[in-house]
Amino acid sequence: MKNGSKYSLDFERPLKELEKRIEEIRLFAEEKQIDMSEEIARIEEKARSLKVEIFKNLTPWQKVQIARHPKRPTFLEYIELIFDGFIELHGDRLYRDDPALVGGLAYLADIPVTILGHQKGRDTKENIYRNFGMPHPEGYRKAIRLMKQAEKFGRPIITFVDVAGAYPGKEAEERGQGEAVAKAIMEMTVLKVPIVVVITGEGGSGGALAIGVGDRILMLENAYYSVISPEGCASILWKDASRAAEAAEALRITAEDLLAVEVIDEIIPEPLGGAHTNPEEMAGTIKERILENLNAIIDLDPNELLTKRYQKFRRLGRYVEE
Amino acid sequence: MFKDLFRSKQKYVTIRQREVPESALHATETVKKELPDGLWVKCEKCNQMIYHKDLVKNLKVCPKCQYHFRIGAWERINYLLDPGSFQELFANITSGDPINFPGYREKLEQVRKATELKEGVVTGVGKIGGVPLALGVMDFRFIGGSMGSAVGEKLVRIFEYAAEHELPVVTFAVSGGARMHEGILSLMQMAATCQALSRVAEKGLLYISVLTDPTTGGVFASFASQGDIIIAEPGALIGFAGARVIQQTTRQTLPPGFQRSEFLLEHGMIDLIVNRKELRNTLARLLRYHQRRKRVINQ
């Protein structure tokens, strides 16, 4: 998949201009039959270092934009690239199947695992079908069902988090969105099988945490994870959603910030330019990191696993004790 | 997500309230003063004028229309628990400013001064109808009853305490959700409180969650919705997402009574709606149902 230039982000513009210029020179040289390879190489080098420069110094808000990039790989693409023999399992057995949250059986290397993840659409039509990846309560109830199934059969659980938030809608409230999210969180704290969580894009509050409790929490370099969207925070705090960039800064939502407070265990580096510029490379790195982390916990005694998980989430608060 | 709660047009008048039971009953938060001396208040629902002393005597429930005014944590503890039985625990845990959030320190200072509360939840042990229990009571005046690290930690500790001492637990939720001023650490309190609750459950102990106006966002989506028995006060706003967010996102028209206690009861989300004046009695009965006979079942 090629990075569609129509989706380039604001801060990439100088880079895109250079790339355009390279293309123009190349065409010109071809047309006039003259050798301009030296000139091209020079600009290419300039573009490369500009790219490094841009992506080394991304602001939190720029990372949010990368995390929300329409071409960012989704769960189904990662499934294809990371796992083998995926069998999707549907439904919560209570109301309906929620296409915004996908789950099923798969092999990771040769380990049978249960996988679960938010699924955004890859085009408008699919986005409507998948409700832009925002689950209703039945999505979380399906997740709970499949996680308990995994526990029954002793399969490790791998979850992929990429959600703007649990869906805020009338029907979602009628069917108990809050209860479904809470129940999923609660169940995950006591599941007797290893859980590895990968935050791949948006970590949107409770809707993310509902499949985000685990023994190892990994996070892609440009993903974000936050208690509230930067826009929501800005509109509460300053009555002005357009100050989202400031809020993104204040909320400390980047992978680096979260590693510093031990909310995540590890940052997974992305290809230069973001995961969408090279999904295969991205998937390869994710697979390697999941495997290594899973191997470290897969043989732990369930009681030890649960004790460690309890302690992990027990010490995440920062308060004053007089 | 819950901006409509924080943006509420109402201004709550707060007066001095000490953390001693006797004086607490005179606090008048959430009650709009209509006259300068505060003798009369106007019911927010039926607009009737109520003599303030009558309102207090009636546990801040409008005698005419049964509208439940919000009440503070200490007021609740006072009317609910057997006199003199409450012993506060973990009062030494308070909020810091862990992510250096703009304006948070000032906000904390201001709220502490205005409410004389140290934190958004009061935790401890006491008795209702002679039955000992562990208790967590939130207070909306403390940054909208929001759950940050300290609120989460206090709840976790009271749940752990209950599990250790084999006590039933009752929480009173009133909250706009997670405290965004502590960023992701607030979100993590949802997991921390839930997992501590599972320790209570493992011991076979009763957990009753009482939802009061409002209980939304991260508090509803964690411990508050996981009671063995869930009770709500009448007319309380209870839900995951705020009505404004829902309307902006979905353009749906929301029916009258949406996300109110009665709506939740109808949709199967809560067990009971109990008038504040009946709450003590109901809790006592429920607690008595779950009192353990000595080792009959397990041996």
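Parameters and conventions
- Residues numbered from 1 in each chain as written.
- Chains lettered and ligands numbered in written order.
- Predicted model: local features only at pLDDT ≥ 70, side-chain atom pairs only at ≥ 80, totals over all residues.
- Helix = DSSP H or I, 4+ residues; strand = E, 2+ residues; numbered from the N terminus.
- Rg over C-alpha atoms; globule rule 2.2 N^0.38 Å.
- Contact = placed C-beta atoms within 7 Å.
- Buried ≥ 20, exposed ≤ 12 C-beta atoms within 10 Å, placed from the backbone.
- Nonpolar A, V, L, I, M, F, W, Y, C, P; charged D, E, K, R; others polar.
- Pairing = 2+ DSSP bridges.
- Domains from an automatic or database assignment.
- Axes fitted to C-alpha atoms, helices over the stretch in contact; angles between N-to-C directions.
- Parallel < 35°, antiparallel > 145°, perpendicular 65-115°, else oblique.
- Core = buried A, V, L, I, M, F, W, Y, C linked by C-beta atoms within 7 Å.
- Left-handed = near helix turned anticlockwise from the far one by under 90°.
- Expected span 1.5 Å × (residues − 1).

A.B. asks: Teacher, can you tell me more about the overall build of chain A here?
C.D. replies: The number of helices and strands found in chain A is 14 helices and nine strands. Relative to the compact-globule value of 20 Å for 322 residues, chain A shows a C-alpha radius of gyration of 21 Å, a close match. Its C-alpha atoms put chain A at 70 × 50 × 45 Å along the principal axes. By sequence separation, contacts in chain A at least 24 residues apart represent 71% of the contacts at least 6 residues apart.

A.B. asks: For this particular structure, what's the right way to read the overall build of chain B?
C.D. replies: A tally of regular secondary structure across chain B gives eleven helices and eleven strands. In chain B, which comprises 299 residues, the proportion classed as buried is 54%. Across chain B, every contact between residues at least 6 apart in sequence was considered, and the portion connecting residues at least 24 apart equals 69%.

A.B. asks: Which parts of the structure should I look at to understand the interface of chain B and chain A?
C.D. replies: For an interface, size is often stated in terms of accessible area lost upon the parts coming together. The interface is formed by 51 residues belonging to chain B together with 46 residues belonging to chain A. Mapped by element, the contributors of at least two residues to the side of chain B that touches chain A are α1 (3-6), β4 (93-95), α6 (149-165), α7 (184-202), α8 (217-220) and α9 (243-250) of chain B. With 13 residues, α7(B) is the single largest residue contributor to the side of chain B that touches chain A. When the residues that make up the side of chain B that touches chain A are grouped by side-chain class, the tally is 28 nonpolar, 21 polar and two charged. With three bridges joining them, strand β9 (residues 319-321) of chain A and β4(B) adopt antiparallel strand pairing. Directly across from Tyr319(A), in β4(B), lies its bridge partner Ser95(B).

A.B. asks: It is not clear to me how the domain arrangement of chain A should be interpreted in this structure. Could you clarify?
C.D. replies: Domain boundaries in chain A define domain 1 (10-57) and domain 2 (64-314). The centre of domain 1 of chain A, based on its C-alpha atoms, is set 37 Å off from the matching centre of domain 2 of chain A.

A.B. asks: Where do I start with the packing of helix α10 (residues 230-237) of chain A against helix α11 (residues 244-251) of chain A in this structure?
C.D. replies: The axes of two packed helices give the description: the angle between them and the distance between them. Residue and element names in this part refer to chain A. Two elements in contact, α10 and α11, have axes whose closest approach is 8 Å; the angle formed by their N-to-C orientations is 100 degrees. The orientation of α10 with respect to α11, classified from their angle, is roughly perpendicular. Across the interface between the two elements, Pro230, Glu231, Cys233, Ala234 and Leu237 from α10 touch Ala244, Glu246, Ala247, Ala248 and Leu251 from α11. For the contact of α10 with α11, the per-class residue count stands at eight nonpolar, no polar and two charged.

A.B. asks: Looking at this structure, I do not really get unusual backbone geometry. What am I missing?
C.D. replies: Backbone geometry follows two general trends: most residues other than glycine have a negative phi, and most peptide bonds adopt the trans configuration. Residues and elements named next belong to chain B. Cis rather than trans, the peptide bond between Asp213 and Pro214 has omega equal to -10 degrees. Take Pro214: it is sitting in strand β8 (residues 207-216). The phi torsion at Gln66 lies on the positive side, around 70 degrees, for a residue other than glycine. Along the chain, Gln66 falls in the loop between α3 (52-57) and α4 (73-80). Residue Gln66 is classed as partly exposed on the basis of its C-beta count, with 16 C-beta atoms lying within 10 Å. The phi torsion at Asn100 lies on the positive side, around 55 degrees, for a residue other than glycine.

A.B. asks: Just to check I follow, could you spell out α10(A) for this structure?
C.D. replies: Residues separated by three or four positions in an α-helix point in the same direction, a consequence of the helix having 3.6 residues per turn. Most of α10(A) is tucked away: seven of the eight residues are buried. Looking at the residues trailing α10(A), positive phi occurs at Lys239(A), about 55 degrees.

A.B. asks: Just checking my understanding: could you explain the nonpolar core for this structure?
C.D. replies: Here is a general trend for soluble globular proteins: nonpolar side chains tend to be buried in one another's company. Ranked by size, the top nonpolar core spans 157 residues in total, and within it Val181(A), Ala184(A), Ile185(A), Met219(A), Phe159(B) and Val169(B) carry the most contacts. Among the elements that make up this core, the one with the highest residue count is α7(B) (eleven residues). The contacts of Ile185(A), once residues within four sequence positions are left out, are Leu209(A), Ala210(A), Val213(A), Met190(B), Ala191(B), Cys194(B) and Ser222(B).

A.B. asks: Help me understand the environment of Tyr79(B), please; the structure alone is not making it clear to me.
C.D. replies: Residue and element names in this part refer to chain B. Relative to the elements of secondary structure, Tyr79 occurs in helix α4. In this structure the C-alpha to C-alpha distance between Tyr79 and Leu59, which are 20 residues apart in sequence, comes to 7.7 Å. Those residues in contact with Tyr79, other than ones at most four positions away along the chain, are Leu59 and Arg280.

A.B. asks: Mind showing me how you'd approach the packing of helix α4 (residues 75-82) of chain A against helix α13 (residues 279-297) of chain A here?
C.D. replies: Residue and element names in this part refer to chain A. At a minimum axis separation of 9 Å, α4 and α13 run at an interaxial angle of 70 degrees. It follows that α4 is roughly perpendicular to α13 by the angle criterion. Handedness of the crossing formed by α4 with α13: right-handed. Taking contact as the criterion, the partners of Glu77, Tyr78, Leu81 and Ile82 in α4 are, on α13, Pro279, Glu280, Ala283, Ile286 and Lys287. Per-class residue counts for the contact of α4 with α13 are six nonpolar, no polar and three charged.

A.B. asks: Mind showing me how you'd approach helix α1 (residues 13-32) of chain A here?
C.D. replies: All names here are of chain A. With 20 residues, α1 should reach 28 Å at 1.5 Å per residue; the first-to-last C-alpha distance of 28 Å fits that figure. For α1, a buried count of one out of 20 residues is recorded, marking the element as mostly open to its surroundings. Following α1 by one or two positions, Gln33 adopts a phi angle in the positive range, close to 55 degrees.

A.B. asks: Would you take a moment to explain the pairing of strand β2 (residues 101-108) of chain A for this structure?
C.D. replies: A regular strand places its side chains so that they alternate between the two faces of the sheet. Residue and element names in this part refer to chain A. Taken together, the three bridges between strand β1 (residues 84-88) and β2 define a ladder with antiparallel strand orientation. In the strand pairing of β2, Glu88 is matched with Gly104. Where β2 meets strand β3 (residues 111-118), eight bridges bridge the pair, whose relative direction is antiparallel. Bridge pairing in β3 links Leu101 to His118. Where β2 folds back onto β3 in an antiparallel hairpin, the turn is made up of two residues, including Ala109, whose phi is positive at roughly 50 degrees.

A.B. asks: Sorry, what's going on with the pairing of β8(B) here?
C.D. replies: All names here are of chain B. Summarising burial for β8: ten of the ten residues are buried, a large majority. The sheet contact formed by strand β7 (residues 169-175) and β8 spans six bridges and is parallel. By the bridge assignment, Val170 is partnered in β8 with Ile208. The sheet contact formed by β8 and strand β9 (residues 229-232) spans four bridges and is parallel. Across the sheet, Val210 pairs through a bridge with Ile231, a residue of β9.

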